[in-house]
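Residue strings, one per chain:
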Protein chains: 2
Amino acid sequence: MKLRIHVTLKPGVLDPQGKAIEHALSGLGFAGVEGARVGKLIELEVAEGVTDDQVDAMCRQLLANTVIENYRVERG
Amino acid sequence: MKLRIHVTLKPGVLDPQGKAIEHALSGLGFAGVEGARVGKLIELEVAEGVTDDQVDAMCRQLLANTVIENYRVERG
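Below you will find a few notes about this structure. (Residues numbered from 1 in each chain as written. Chains lettered and ligands numbered in written order. Predicted model: local features only at pLDDT ≥ 70, side-chain atom pairs only at ≥ 80, totals over all residues. Heavy atoms only, no water.)

Observations concerning the interface of chain B and chain A
Phase 1: The partner chain A presents 34 residues to the 34 residues of chain B that form the contact.
Phase 2: Where chain B meets chain A, there are 0 salt bridges.
Phase 3: For the pair chain B and chain A, the interface holds 11 residue pairs in polar contact (both at pLDDT 80 or more).
Phase 4: Those elements that place two or more of their residues in the side of chain B that touches chain A are strand S1 (2-9), helix H1 (16-27), strand S2 (33-46) and helix H2 (52-63) of chain B.
Phase 5: Here the residues of the side of chain B that touches chain A sort into 19 nonpolar, 8 polar and 7 charged.
Phase 6: Pairing of strand S2 (residues 33-46) of chain A with S2(B) involves 13 bridges; the strand directions are antiparallel. (Contact = heavy atoms within 4.5 Å. Salt bridge = Lys/Arg side-chain N within 4 Å of Asp/Glu carboxyl O. Polar contact = N/O pair within 3.5 Å; in protein donor to acceptor, adjacent residues only side chain to side chain. Helix = DSSP H or I, 4+ residues; strand = E, 2+ residues; numbered from the N terminus. Nonpolar A, V, L, I, M, F, W, Y, C, P; charged D, E, K, R; others polar. Pairing = 2+ DSSP bridges.)

Listed below in structure tokens is the structure:
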């Protein structure tokens, strides 16, 4: 079973990588970019028996830093 | 308008960060994890007039390294 875990910075947390992208895009001549935030996309291949609770524990213990990051799990 | 750009390593490209996650999860006692790959999730806030072609150009010129990475744009 394939899981997609989106890890994003919480609103208000400074994102220098996002700011760099914003400036680089405007430097390359792309107008209309009003904001950029960078997160992680973790694709896990797990056995069928793995439960939602287990995936949640993986996120909280290793994959996301819940002090500054949110995560969202997508199945399939 | 909000865009989500998923940047993932092409199949076959070595992913040490994914391997580290795989080993760490098994070290933490999570069974059933058969693979992990790590990519980037870039959230762009763009003006309404920005076209698909322009977004595609942003990805090819800056956001993804198309030699080793695939990208997928999601609107909304």
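Structure's up, so let's keep going.
Details of the side chain of A:Asp15
All names here are of chain A.
Phase 1: Mapped onto the secondary structure, Asp 15 falls in the loop between strand S1 (2-9) and helix H1 (16-27).
Phase 2: Within the buried core, Asp 15 has no salt-bridge partner, and the shortest N-O distance to an opposite charge, that of Arg 37, equals 4.4 Å.
Phase 3: A polar contact is formed between the side chain of Asp 15 and the backbone nitrogen of Val 38, at a distance of 2.8 Å.
Phase 4: The contact partners of Asp 15, leaving out residues within four places of it in the chain, are Leu 9, Ala 36, Arg 37 and Val 38. (Buried < 20%, exposed > 50% of the residue type's maximum accessible area, 1.4 Å probe, protein only. Lys, Arg positive; Asp, Glu negative; His and termini not counted.)

Some remarks on the relation of the copies chain B and chain A
Phase 1: The transform that puts chain B on chain A rotates by 180 degrees and translates by 0.0 Å along the axis, for an RMSD of 0.0 Å. Here the symmetry operator amounts to a two-fold rotation axis. When each C-alpha of chain B is compared by its distance to the rotation axis, B:Lys40 comes out closest, at 2.3 Å.
Phase 2: Of the interface residues in chain B, 100% have counterparts in chain A that sit at the interface too, so the contact is made through matching surfaces. (Least-squares fit on C-alpha atoms with pLDDT ≥ 70 in both.)

Brief notes about the packing of H1(A) against H2(B)
Two quantities define a packed helix pair, namely the angle between the axes and the distance from one axis to the other.
Phase 1: Interhelical geometry of H1(A) versus H2(B) gives an angle of 110 degrees and a closest axis separation of 11 Å. What the angle tells us is that H1(A) and H2(B) run roughly perpendicular. Where H1(A) crosses over H2(B), the handedness of that crossing is right-handed. Residues A:Ile21, A:Ala24 and A:Leu25 of H1(A) touch H2(B), and the partners they reach there are B:Met58, B:Leu62 and B:Leu63.
Phase 2: Of the residues in the contact of H1(A) with H2(B), the class split is 6 nonpolar, no polar and no charged. (Axes fitted to C-alpha atoms, helices over the stretch in contact; angles between N-to-C directions. Parallel < 35°, antiparallel > 145°, perpendicular 65-115°, else oblique. Left-handed = near helix turned anticlockwise from the far one by under 90°.)

Quick word on the pattern of salt bridges
Phase 1: Per the stated rule, a full pass over the model turns up 12 salt bridges over all chains.
Phase 2: Of the charged contacts, one joins A:Glu74 and A:Arg72 as a salt bridge, the two residues approaching to 3.5 Å between their closest N and O atoms.
Phase 3: In this structure A:Arg72 comes out as partly exposed when scored by relative accessible area, which is 38%.
Phase 4: Ionic pairing is found between B:Glu74 and B:Arg4, a salt bridge with its closest N-O pair at 3.8 Å. Here B:Glu74 is found in strand S3 (residues 69-75), whereas its partner B:Arg4 is found in strand S1, with 70 residues between them in sequence.
Phase 5: The network of salt bridges with shared partners includes A:Arg4, A:Glu43, A:Arg72 and A:Glu74.

Description of the layout of surface pockets
Phase 1: Roughly 220 Å³ of internal volume is contained in the largest pocket.
Phase 2: At the level of elements, S1 and S2 of chain A together with S1, S2 and S3 of chain B are the ones that each hand at least two residues to the lining of the largest pocket.
Phase 3: If you tally residues by element for the lining of the largest pocket, the top one is S2(A), at 4 residues.
Phase 4: Tallied by class, residues from the lining of the largest pocket come to 4 nonpolar, 4 polar and 6 charged. (1 Å grid on protein atoms, 1.4 Å probe; cavity = no way out; pocket = protein on both sides within 12 Å on 5 of 7 lines; lining within 4 Å. Points joined across faces, edges and corners; volume = space filled by probe spheres on them.)

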